[in-house]
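Structure at a glance
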Amino acid sequence: MSTLVGKKAPKFSATAVINGKSIVRNYGLDQFIGKKYVLLFFYTKDFSGICPSELHDFQDRIDQFKSKNVEVIGCSADSEESHLAWLNLDKAKGGIKGITYTLISDMSKTINANYGTLAGHYEMDENDQLIATGPMIPYRGLFLIDKDGVVQHQLINHFTLVRNVDEVLRVIDALQYFEEKGEFCPIK
């Protein structure tokens, strides 16, 4: 898949877990257009060994994201029930209890496919349904979407390469600096 940078973020309507406890249907990006930036990140799998530390790192910095008017949203191909079970498991036991940002369920894997984060062998049929010809597992993708719904930053890593939240915050600062001042942000 080619880059999404400079293009409208692919739309979706999905089931999501909000604030670590509430399941909502038809969750999408449209609610943030004109209001907030969105940091949409994809992770490999609930209950995996590497993911909890990364998800907790995003949570530890949630106030910094909020101060920059950024909505943090995580997404995996797990069910909302799996998300809830993981959200109710203590950190010491490999869980993500205490995570308050939204987690999207992409059981159909179409959101992952549309964002180019789906590893494995698959094809799309005439009804835009994925037909697997091998295992399909999400890569670690991250997308910074501006208030107009345009992807400004895209990063896709292999399963084992976690993201650096400090770098994510620096990229947000650079985008917002450019939008405010009309010039490039110096490297800090």
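Residues numbered from 1 in each chain as written. Predicted model: local features only at pLDDT ≥ 70, side-chain atom pairs only at ≥ 80, totals over all residues. Heavy atoms only, no water.

Right, let's get into the overall build of the chain. Helix and strand counts for the chain stand at five helices and nine strands. Relative to the 2.2 N^0.38 estimate, which gives 16 Å for 188 residues, the radius of gyration of the chain is 16 Å and therefore close to what a compact globule would have. Across the 188 residues that make up the chain, the buried fraction comes to 48%. A total of about 9,600 Å² of accessible surface is found on the chain, and carbon and sulfur atoms cover 51% of it. Looking at the chain, you have 21 positive and 24 negative side-chain charges, and the mean spots of the two groups are 5 Å apart. (Helix = DSSP H or I, 4+ residues; strand = E, 2+ residues; numbered from the N terminus. Rg over C-alpha atoms; globule rule 2.2 N^0.38 Å. Buried < 20%, exposed > 50% of the residue type's maximum accessible area, 1.4 Å probe, protein only. Areas by Shrake-Rupley, 256 points an atom, 1.4 Å probe, with all protein chains shown as cover. Lys, Arg positive; Asp, Glu negative; His and termini not counted. Charge placed at Lys NZ, Arg CZ, Asp CG, Glu CD.)

The periodicity of an α-helix, 3.6 residues per turn, causes residues three or four places apart in sequence to face the same way. In this model helix H5 (residues 165-181) runs 24 Å from its N-terminal to its C-terminal C-alpha over 17 residues, within 8% of the 24 Å that 1.5 Å per residue would give. If you check which residues of H5 are buried, you get Val165, Val168, Leu169, Val171, Ile172, Leu175 and Gln176. The buried residues of H5 occupy an angular sector of 160° when projected down its axis, which confines them to one face. At the N-terminal boundary of H5, the capping side chain belongs to Asn164, with an oxygen 2.8 Å from the backbone nitrogen of Asp166. (Expected span 1.5 Å × (residues − 1). Arc of directions from axis to C-beta. Polar contact = N/O pair within 3.5 Å; in protein donor to acceptor, adjacent residues only side chain to side chain.)

Further remarks concern the confidence of the model for the chain. Put simply, the chain has an average pLDDT of 90, and 94% of its residues get 70 or more. Looking across the chain, the model is least confident in strand E7 (residues 130-138), with a mean pLDDT of 73, and most confident in helix H2 (residues 62-67), with 98. (pLDDT = per-residue confidence, 0-100.)

By secondary structure assignment, the location of Asn114 is in helix H4 (residues 110-115). For Asn114, a relative accessible area of 33% gives the class partly exposed. Note: C-alpha distance between Asn114 and Val17 (97 residues apart in sequence) is 21 Å.

A few words on helix H3 (residues 80-87). Counting buried positions along H3 gives six out of eight residues, so the element sits mostly inside the fold. Turning to H3, its buried residues are Glu80, Ser82, His83, Leu84, Trp86 and Leu87.

Note on placement: Val165 falls in helix H5. The class of Val165 is buried, set by a relative accessible area of 1%. For the pair Val165 and Arg61, spaced 104 residues apart in sequence, the C-alpha to C-alpha distance is 8.0 Å. Residues contacting Val165, with those up to four places away along its chain left out, are Asp57, Phe58, Arg61 and Phe65. (Contact = heavy atoms within 4.5 Å.)

With that out of the way, let us pick up the pairing of strand E4 (residues 70-76). In terms of burial, E4 is a largely internal element, seven of the seven residues being buried. Burial along E4 is two-sided: the face carrying Val70, Val72, Gly74 and Ser76 and the face carrying Glu71, Ile73 and Cys75 are both buried. Sheet topology note: the strand E3 (residues 37-42)/E4 ladder contains six bridges and is parallel. Across the sheet, residue Leu39 finds its bridge partner in E4, namely Val72. The β-α-β motif built from E4, the intervening H3 and the parallel element strand E5 (residues 102-105) has right-handed crossover chirality. (Pairing = 2+ DSSP bridges. Right-handed = clockwise from strand over helix to strand, strands pointing away.)

So, on to the sheet that holds strand E9 (residues 151-157). Ordered in space as E2-E1-E5-E4-E3-E8-E9, the seven strands form an open sheet in which the pairing is mixed. Taken across any chain shown, the strands that pair with only one partner, and hence form the sheet edges, are strand E2 (22-27) and E9. The average angle at which neighbouring strand axes cross in this sheet is 20°, direction not considered. By the bridge criterion, three bridges tie strand E1 (residues 14-18) to E5 in an arrangement that is antiparallel. Across the sheet, Val17 pairs through a bridge with Leu103, a residue of E5. (Axes fitted to C-alpha atoms, helices over the stretch in contact; angles between N-to-C directions.)

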